[in-house]
Amino acid sequence: MNMDKKQYKRFADAHAPKSPIFRNCIFAFIFGGAICCFGEALSSLYSLHPSIDQASARTLTSVTLIFIAVLLTGLGVFDKIAKVAGAGTLVPITGFANSVASPAIDSRSEGYVLGVGAKIFTVCGPVLLYGTLAGAIYGVIYWICGLI
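> Help me out: how do you make sense of the environment of Gly-125 in this one?
Among the secondary structure elements, Gly-125 is positioned in helix H7 (residues 125-147). Considering only alpha carbons, one finds Gly-125 and Tyr-138, 13 residues apart in sequence, at a separation of 20 Å.

Right, dumping it as structure tokens:
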């Protein structure tokens, strides 16, 4: 069966399952909001301790959220939550922790150097690269605008 690109696209679109976009948006909103509310609750809880200032409480909150995301990834629970929550699990710190931990866990059988070490940043590497590049470009534009 010979098809050109347009025919194949029509065929694939006709046979692909339809995504429940509204449901996905609602679930992402609920789960993402729940993660953020949990983070705020942790920050407030840490702030109650007399020896912890606001900045330290926020740092502890970030570390705790990273730890929980990596632990759930290692236990295989994060992926199950992500199937239901969709983009809601991509709240920056938990999604980033998952994107670092998943390749490390998947490639550990290849060894620590050629497996974990080589593949740990395969998913989040482009995010780091282009995020840094965008920040540098923004900084140059900001600097140029300051000169004017």
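Resuming the write-up.
> I tried to follow the packing of aromatic side chains on my own but got confused; where do I start?
We describe a pair of aromatic rings using the distance from one ring centre to the other and the angle between the two ring planes. Throughout the structure, instances matching the rule amount to two aromatic pairs. Relative to Phe-31, the ring of Phe-27 lies with its centre 6.3 Å away and its plane at 40°, an arrangement referred to as tilted. Note that Phe-27 and Phe-31 are positioned in helix H2 (residues 21-48) at a spacing of four residues, about one turn of the helix. Summarising the aromatic geometry, the rings of Tyr-138 and Tyr-142 are spaced 6.2 Å apart at their centres and angled 25° between planes, so their arrangement reads as stacked. Separated by four residues within a single helix, Tyr-138 and Tyr-142 lie in helix H7, roughly one turn from each other. Across the pair, exposure class does not vary: Tyr-138 and Tyr-142 are exposed alike.

> Mind showing me how you'd approach the pattern of salt bridges here?
Side chains that carry opposite charge are capable of pairing whenever their charged atoms lie near each other. If you walk through the whole model with that rule in mind, you get one salt bridge. Its salt-bridge partner being Asp-13, residue Lys-9 comes within 3.2 Å of it at the nearest N-O pair. Of this pair, Lys-9 and Asp-13 both sit in helix H1 (residues 5-15), four residues apart, which is roughly one turn of the helix. The class for Lys-9 is exposed, based on a relative accessible area of 51%.

> Would you mind going over a nonpolar patch on the surface with me for this structure?
On the surface, a nonpolar cluster with roughly 450 Å² of combined accessible area is contributed by Phe-67, Leu-71, Leu-75, Val-77 and Ile-81. Residue assignment for the nonpolar patch shows that the elements contributing at least two residues are helix H3 (54-75) and helix H4 (77-85). Residue contributions to the nonpolar patch peak at three residues, all from H3. Note that Leu-71 resides in helix H3.

Thresholds applied
Residues numbered from 1 in each chain as written. Predicted model: local features only at pLDDT ≥ 70, side-chain atom pairs only at ≥ 80, totals over all residues. Heavy atoms only, no water. Helix = DSSP H or I, 4+ residues; strand = E, 2+ residues; numbered from the N terminus. Phe/Tyr/Trp six-rings, centres within 6.5 Å; stacked < 30°, edge-to-face > 60°. Buried < 20%, exposed > 50% of the residue type's maximum accessible area, 1.4 Å probe, protein only. Salt bridge = Lys/Arg side-chain N within 4 Å of Asp/Glu carboxyl O. Patch = residues over 30% accessible without salt bridge, like charges linked within 9 Å, V, L, I, M, F, W, Y side chains within 5 Å. Areas by Shrake-Rupley, 256 points an atom, 1.4 Å probe, with all protein chains shown as cover.

Fair warning: the whole summary comes from geometry, so function is off the table for now.
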